[in-house]
Amino acid sequence: MANSSPAEVSKKDFDDLKQRCQIIFDADPSQRVNDFAIRRFLRAFKTVNDAFTAIIKYNNWRREFGVEKISENDAGVQAELATGKIKVLDHRDHLGRPIVYLAAKLHVAAERDRDELTRFIVFVLERACSRCEEEIIDNICIVFDLQDFALANMDYQFVKSLIWLLGKYYPERLGTCLIINSSYLFSGCWTVIRPW
């Protein structure tokens, strides 16, 4: 079984980063992130300075992108939910992580609106992360189901956006990514995606 516990950060680095963030949090409480998030940013960005910069950018992005305003009532979110191609499952994986399930066959790259799809990805990530029990495990499991996958379903821009969002604004949130029911057709796509 793989080790599911995240790498520890040094107490000194954690205390330094928390102290630096506290100044910002005191000035603008909407920018507050919890101790679990501070640890995730520190693990992902390695140094106190880089983690602090990433937290500031994260909070600015959340405000500018309107993350708090994205809801199930948005027309674009409702349209994407209706397709059933991406959903947060009610059950968890064997380590207790929330599961984001993506049925690739239900996604047609040529028929998607990039901005609406990005908003929907953020909605799904927010929903999955809100289901994390951070004291136990603070990352998620993403399952790509490639049953009946065709080239029309391959959306490199979607995959790049997902990777970019996870790395920049949801650091250390991806616990595992599973690709199931993969066909030989996907192997060509994988050679493009793998280096990202």
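Relevant structure appears above.
Residues numbered from 1 in each chain as written. Predicted model: local features only at pLDDT ≥ 70, side-chain atom pairs only at ≥ 80, totals over all residues. Heavy atoms only, no water.

Asker: What is the right way to look at the packing of helix H3 (residues 48-65) against helix H5 (residues 114-130) in this model?
Answerer: Angle between the axes and distance between the axes: these two values describe a pair of packed helices. At their nearest, the axes of H3 and H5 sit 13 Å apart, and the two run at 120° to each other. As the angle between them shows, H3 and H5 are arranged oblique. Between H3 and H5 lies a crossing whose hand is left-handed. Here Trp61, Arg62 and Phe65 of H3 come into contact with H5, specifically with Thr118, Arg119, Val122 and Glu126. Taken together, the residues of the contact of H3 with H5 break down into three nonpolar, one polar and three charged. (Axes fitted to C-alpha atoms, helices over the stretch in contact; angles between N-to-C directions. Helix = DSSP H or I, 4+ residues; strand = E, 2+ residues; numbered from the N terminus. Parallel < 35°, antiparallel > 145°, perpendicular 65-115°, else oblique. Left-handed = near helix turned anticlockwise from the far one by under 90°. Contact = heavy atoms within 4.5 Å. Nonpolar A, V, L, I, M, F, W, Y, C, P; charged D, E, K, R; others polar.)

Asker: Would you mind showing me how to read the nonpolar core here?
Answerer: In terms of nonpolar packing, the biggest core is built from 50 residues, with Leu17, Val100, Leu125, Ile142, Phe158, Leu162 and Tyr170 touching the most fellow members. Per-element accounting of this core gives the leading share, nine residues, to H5. (Core = buried A, V, L, I, M, F, W, Y, C linked by side-chain atoms within 4.5 Å. Buried < 20%, exposed > 50% of the residue type's maximum accessible area, 1.4 Å probe, protein only.)

Asker: What's the story with the pattern of salt bridges in this structure? I'm lost.
Answerer: Any two side chains of opposite charge can pair if their charged atoms end up close together. Applying the stated criterion across every chain, the model contains 17 salt bridges. Measuring nitrogen to oxygen at the nearest pair gives 2.9 Å for the salt bridge that ties Lys12 to Asp16. Within this pair, Lys12 and its partner Asp16 are both found in helix H1 (residues 11-27), separated by four residues, close to a single helical turn. We classify Lys12 as exposed; its relative accessible area is 57%. For Glu72, the salt bridge goes to Arg127, with nearest N and O atoms at 2.3 Å. Placement of the pair is Glu72 in the loop between H3 and helix H4 (75-83) and Arg127 in helix H5, with a sequence separation of 55 residues. Connected through salt bridges with shared partners, the residues Arg40, Arg43, Glu134, Asp138, Glu172 and Arg173 form a single ionic network. (Salt bridge = Lys/Arg side-chain N within 4 Å of Asp/Glu carboxyl O.)

Asker: What exactly am I supposed to notice about the packing of aromatic side chains here?
Answerer: Aromatic ring pairs are reported here in terms of the distance separating the ring centres and the angle at which the planes meet. All told, the structure shown has seven aromatic pairs when counted by the stated rule. Here Trp61 and Phe65 contribute two aromatic rings whose centre-to-centre distance is 5.5 Å and whose plane-to-plane angle is 25°, an arrangement assigned as stacked. Of this pair, Trp61 and Phe65 both sit in helix H3, four residues apart, which is roughly one turn of that helix. Judged by relative accessible area, Phe65 falls into the partly exposed class, the value being 25%. Here the aromatic rings of Trp61 and Tyr169 are separated by 4.2 Å at their centres, their planes lie at 5°, and the arrangement is stacked. Here Trp61 is found in helix H3, whereas its partner Tyr169 is found in the loop between helix H6 (156-168) and strand E4 (174-180), with 108 residues between them in sequence. Given the relative accessible area of 9%, Trp61 is considered buried. (Phe/Tyr/Trp six-rings, centres within 6.5 Å; stacked < 30°, edge-to-face > 60°.)

Asker: Before we go on, may I ask you to explain the side chain of Thr118 in this structure?
Answerer: Its place among the elements puts Thr118 in helix H5. A distance of 2.9 Å separates the side chain of Thr118 from the backbone oxygen of Arg114, its partner in a polar contact. Those residues within four positions of Thr118 in sequence are excluded, and the remaining contacts are Phe65, Ser161 and Leu165. (Polar contact = N/O pair within 3.5 Å; in protein donor to acceptor, adjacent residues only side chain to side chain.)

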